Each structure stands twice: as structure tokens, then as C-alpha cells.
Amino acid sequence: MPGLVVVGAQWGDEGKGKIVDLLTGQAAMVVRYQGGHNAGHTVVIGKQEFVLHLIPSGVLREGVSCLIGNGVVVDPAALVAEIDALAARGVSVDGRFHISDRAHLILPYHRAVEREAEKLKGTRKIGTTGRGIGPAYGDKAARVGIRMGTLLDPALFRKVLTTNVESINYFLTQLYNIPAAELFDVDTIYDEYIQYAERLKPYIRDTAMLVNDALDRREAVLFEGAQGTHLDVDYGTYPFVTSSSATAGGACTGTGVGPSRIDRILGIVKAYTTRVGSGPFPTELEDATGERLRAQGGEFGATTGRPRRCGWFDAVAVRYSVRINDIAGIALTKLDVLDGFDTLLICTGYRYKGVVIDYFPSEPSVLDEVEPIYEEMPGWAGSVAAINTVADLPKEAQAYMDRLVELIGVPVDLLSFGVRREQTVQLTNPFTLSSRS
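Residues numbered from 1 in each chain as written. Predicted model: local features only at pLDDT ≥ 70, side-chain atom pairs only at ≥ 80, totals over all residues. Heavy atoms only, no water.

The helix and strand inventory of the chain stands at 13 helices and 20 strands. For the chain, whose C-alpha radius of gyration is 22 Å, the value lies close to the compact-globule estimate of 22 Å for 437 residues. Each principal axis of the C-alpha atoms in the chain carries an extent, and together these give about 65 × 50 × 40 Å. The proportion of buried residues among the 437 residues of the chain is 55%. Just so you have it, the chain exposes about 17,700 Å², and 51% of that area is on carbon and sulfur atoms. (Helix = DSSP H or I, 4+ residues; strand = E, 2+ residues; numbered from the N terminus. Rg over C-alpha atoms; globule rule 2.2 N^0.38 Å. Buried < 20%, exposed > 50% of the residue type's maximum accessible area, 1.4 Å probe, protein only. Areas by Shrake-Rupley, 256 points an atom, 1.4 Å probe, with all protein chains shown as cover.)

Before going further, it helps to examine the pattern of salt bridges. The tally for this structure, following the rule as stated, stands at 22 salt bridges. With a closest N to O distance of 3.4 Å, Arg308 and Asp13 form a salt bridge. With Arg308 in the loop between helix H10 (288–297) and strand S13 (309–311) and Asp13 in the loop between strand S1 (3–8) and helix H1 (16–23), this residue pair connects regions lying 295 residues apart in the sequence. Here Arg308 falls in the buried class, since its relative accessible area comes to 7%. A salt bridge links Glu396 to Lys395; the nearest nitrogen and oxygen atoms lie 2.9 Å apart. Residue classification places Lys395 among the exposed residues on the basis of a relative accessible area of 62%. Through salt bridges with shared partners, a single ionic network connects Asp13, Lys270, Glu299, Arg308 and Lys334. (Salt bridge = Lys/Arg side-chain N within 4 Å of Asp/Glu carboxyl O.)

What follows covers the side chain of Arg96. Tracing the sequence through the fold places Arg96 in the loop between helix H2 (76–88) and strand S7 (97–100). For the buried Arg96, no salt bridge exists, and the shortest N-O distance to an oppositely charged side chain is 7.4 Å, to Glu62. At a separation of 3.1 Å, a polar atom in the side chain of Arg96 contacts the main-chain carbonyl oxygen of Arg61. Sequence-distant contacts of Arg96, defined by excluding residues within four places in its chain, comprise Gly58, Val59, Arg61, Gly63, Val64, Ser65, Cys66 and Val91. (Lys, Arg positive; Asp, Glu negative; His and termini not counted. Polar contact = N/O pair within 3.5 Å; in protein donor to acceptor, adjacent residues only side chain to side chain. Contact = heavy atoms within 4.5 Å.)

Another point: the packing of helix H6 (residues 154–176) against helix H7 (residues 186–200). Pairs of packed helices are described in terms of their axes, by the angle between the two and the distance that separates them. Contact geometry for H6 and H7: axes closest at 10 Å, N-to-C directions at 140 degrees. The angle between the axes of H6 and H7 places the two elements in the oblique class. Relative to H7, H6 is oriented so that their crossing is right-handed. Here Pro154, Phe157, Arg158, Leu161, Thr162 and Val165 of H6 lie close against H7, whose contacting residues are Val186, Asp187, Ile189, Tyr190, Tyr193 and Ile194. Within the contact of H6 with H7, the residues separate by chemical class into nine nonpolar, one polar and two charged. (Axes fitted to C-alpha atoms, helices over the stretch in contact; angles between N-to-C directions. Parallel < 35°, antiparallel > 145°, perpendicular 65-115°, else oblique. Left-handed = near helix turned anticlockwise from the far one by under 90°. Nonpolar A, V, L, I, M, F, W, Y, C, P; charged D, E, K, R; others polar.)

Another aspect to go through is the pairing of strand S15 (residues 329–333). The element S15 is extensively covered by neighbouring structure, given that five of its five residues are classed as buried. Residue alternation in S15 divides its side chains into two sets, Gly329, Ala331 and Thr333 and Ile330 and Leu332, and both sets are buried. Bridging between strand S11 (residues 264–270) and S15 involves five bridges; their strand directions are parallel. Along S15, the bridge assignment pairs Leu266 with Gly329. (Pairing = 2+ DSSP bridges.)

The 10 strands lie next to each other as S9-S7-S5-S2-S10-S1-S11-S15-S19-S20, forming an open sheet whose pairing is mixed. Each edge of the sheet is formed by a strand with only one pairing partner; in this case those strands are strand S9 (204–205) and strand S20 (424–426). As judged from the five bridges shared by S1 and S11, these two strands associate in the parallel manner. Across the sheet, the residue bridging to Gly8 is Ile268, located in S11. Along the sheet face, helix H8 (residues 207–216) touches S1, strand S2 (29–32), strand S5 (65–68), S7, S9 and strand S10 (221–228) and points at about 130 degrees away from the line of S10.

The next point concerns the side chain of Thr229. Its place among the elements puts Thr229 in the loop between S10 and helix H9 (250–253). For Thr229, a relative accessible area of 0% puts it in the buried group.

Take the environment of Lys270 next. One can find Lys270 in strand S11. With 187 residues separating them along the chain, Lys270 and Ile83 place their C-alpha atoms 29 Å apart. Setting aside chain neighbours within four positions, we find Lys270 in contact with Gln10, Asp13, Glu14, Glu299, Arg308, Phe313, Leu332, Thr333 and Lys334. Polar side-chain contacts of Lys270 include one of 2.7 Å to the backbone oxygen of Asp13.

The subject of this paragraph is the nonpolar core. One finds Phe223, Leu338 and Tyr400 to be the most contacted residues of the largest nonpolar core, which totals 57 residues. Setting aside its immediate chain neighbours within four residues, Tyr400 contacts Ala271, Phe313, Leu335, Leu338, Leu344, Ile346, Met377 and Trp380. The next biggest cluster of nonpolar side chains, apart from the first, holds 44 residues, and it includes Phe50, Val59, Ile99 and Ala197. (Core = buried A, V, L, I, M, F, W, Y, C linked by side-chain atoms within 4.5 Å.)

On to H2. With 13 residues, H2 extends 18 Å between its outermost C-alpha atoms, agreeing within 8% with the 18 Å of an ideal straight helix rising 1.5 Å per residue. Within the span of H2, buried status applies to Pro76, Leu79, Val80, Glu82, Ile83 and Leu86. Down the axis of H2, the sector holding all buried residues measures 160 degrees, keeping them to one side. Among the residues of H2, the N-terminal cap falls to Asp75, whose side-chain oxygen and the backbone nitrogen of Ala77 are separated by 3.0 Å. (Expected span 1.5 Å × (residues − 1). Arc of directions from axis to C-beta.)

Structure representation (C-alpha cells):
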């Protein structure tokens, strides 16, 4: 059984939570490899809706091990709250949930730094969630971060925390003119986080060892990211990105497995395009059509409730994701949201300063100026949400799906309608295929 990476191929919010939950029916372990509690994966089981922020979506399957890898930044308050909320609904994580001792902590001062930094950016605001994700990754890169393992050594934790708080208080006063009354107190943070340490101690482990041991046993391991490819810190629409490696490569560095242990990359692709926060979005629709997509698709953030920006399918952006991630097949989601549209548009290329280009530019200033080149296709009447096979789709919906496949260059493994597990058609099983299949 393979190591399977599930990666968003757009700007996130493609429906990864549902697909991961579905595939964990065949998995022994699900590992989250990047991001923080700024992302939300929504899973609907029967009449119950679960929104998960840190704990992998596989937690809703009994017997599946769920790991938070070293590539994730963890707010312990948010994690404890999520564990308690699941327990209150009858879902226990005990005995099958583990956190990497190398995962970095989000601390209260990270949120303050992010809030003040956003204020200074003016029109260049990134549109962060304000949860301290970026500054926590910044401390990690600057080698002043505090890891989960350090939290278990009270004396060491206090020592490192004291140094960090002294530095951050100086930074806040000098750069942001924060008054003394709003600065951070070492004892207050220490007392709070030592309580979290007691709660989380049973879960903190060397998760890289657990993942590699599972792969050695030939168990199916599913690697789950939080954001989409175009929010990746290296390959996304920088600087309007997240602060971690959301692409498939992040699954290796964020969990401690070698590249050869990954057998297949499954890209999650929405049948249209959405984006949250600031940054370029070539196919964005700031009109009644965009509002209709938002309303029919329920396009509001699972974590923040923010309305998502909506637009037509951008084949240029997804082709780029296929190449960057080595995506071998896709799960096409939310095709039902397009029900009832008379005409559908697909972006097949861009026009920049009079020149046609078919690649995804790296500079956001270029993306801001490109004009999408659209191909028009007929829509379909009625609903596709209750179909059982691809053959049941209206011929126009089949033609639309076939054209997307032709444009992005990889086949559809799974076709998803709606939010429930059973609203899925599986064309092939990603766990039985290699990346070369």
C-alpha cells in the first residue's frame, strides 16, 4: 500500500477535508504536514458537520492514526479546544493521535506581531487570519522558535521563553510603539503553556519514526496539507501566500519521510476557482455571476467565515500545479455548484500586454494585468448531485469534465458532488496506483 499525498491544486478550499475523510476508509494513518489552525477542513457525516483545524480529517474514522507533523505550527490552546470539542461529540483521539516533538509553537506574541505588521502594510495587506501563523514560521526560520518537545522541559521552556519575550517586547515598543501596558509577561505565558504541556504530553512523540514505521509495514499512509498550491510560500502568488510548503514536497520535509516513500500525488480541484484574502486572481468574477457561485457553493471560510472570491475555472493555474506537484490524478469537486448555468467559461491562457501566454507567471504584478482567454461551453439543466456513475451526468457536464482533463493533462480519480461521503463517484482507487500509472 502506498504513501498518498492529497494536495490542493488551486488557492485552497477545494474540498480536501471531504476527500481525505473518504480516502481514510482505506488508510491506517493520516499525517498533517504543514500550516496551522488558520485552515479549516469541513467533513459532513450523516447530519453532523465537523470543522477540523489542526487534527487530521482521518480522526472521524475509528482506528485510523492521526499525526501532526513537524511542518505544522501549533497553537496549544486551539488544539486542546479541538480535542475537547471532538470528545464532547463522542470522538476520542486517545491512543491514536500524536504530535511531533519538532512542531513549533504559536505563542501569544506571534499574534500581536502579525496584527501590527498587517496594519503597516496598507494596500499591500496579505489578508491573514491573524492567528500568528506567519510569525511562528518566521521564528522557526530565525532559529528562535520553541518546539513542542521544549514545552516538556519546564526549565528550558522558561529560559527560552524569557529571552524571546524580552526581545519581542523591545521589538514591539521600538517598531510599533506599543505601550508598556500591552507588552507580554513571561510568568503569564509560562503558567498558561505549562498547563497545556500537561494536557498534551501524552500525545507528543517522534512522529517521523511512527510514519516511517507504518510505511515499513506497507500500511497505507495519507499525507494531508492545509492550503492549496498557489498559497505555497515558494510556488504560490508570493507574497500573497501562507508561510509554509503547501505543495506535495512539503509532505516530505513536514513529516520526515524521504521522497521515494511517496507513491502518488492526488490533486484536489474545484470545478471553478475561489480564493480567500488578497492577491492576484485572474478569473475573478466581481459581478452577479461571482455572487451566484458564492451562494450556490457556500463559499465562506470554514475557519473565519470570510466570503471567498469566486471565478471561472483557471486551467493555466491548475496545469502549473500539476507540474509543480507531479499530480497523477485529481479529485474534481463541487461540479454540482455549476448546475443551472446556461454557459460556462474556462480560462485556457492569458493575454499579457498583447501577447498570449500559456504559463503561470511568478510575479503578482504580471498576474494582476493578465487578461484571461476564455473558452465557452454549454451548461446543463437539472442537478448532478444524485448521480451514481459518470455515465449518469448530462452530456454537457461530461463534456465539461472531459475538457478540463484535456487542458490539465491528468485524469479524474474521484468526482465529488455535495458535502456527504456518499456524494462521490470513484473512477479509480488512488491507493492502488503509483505516480507513474
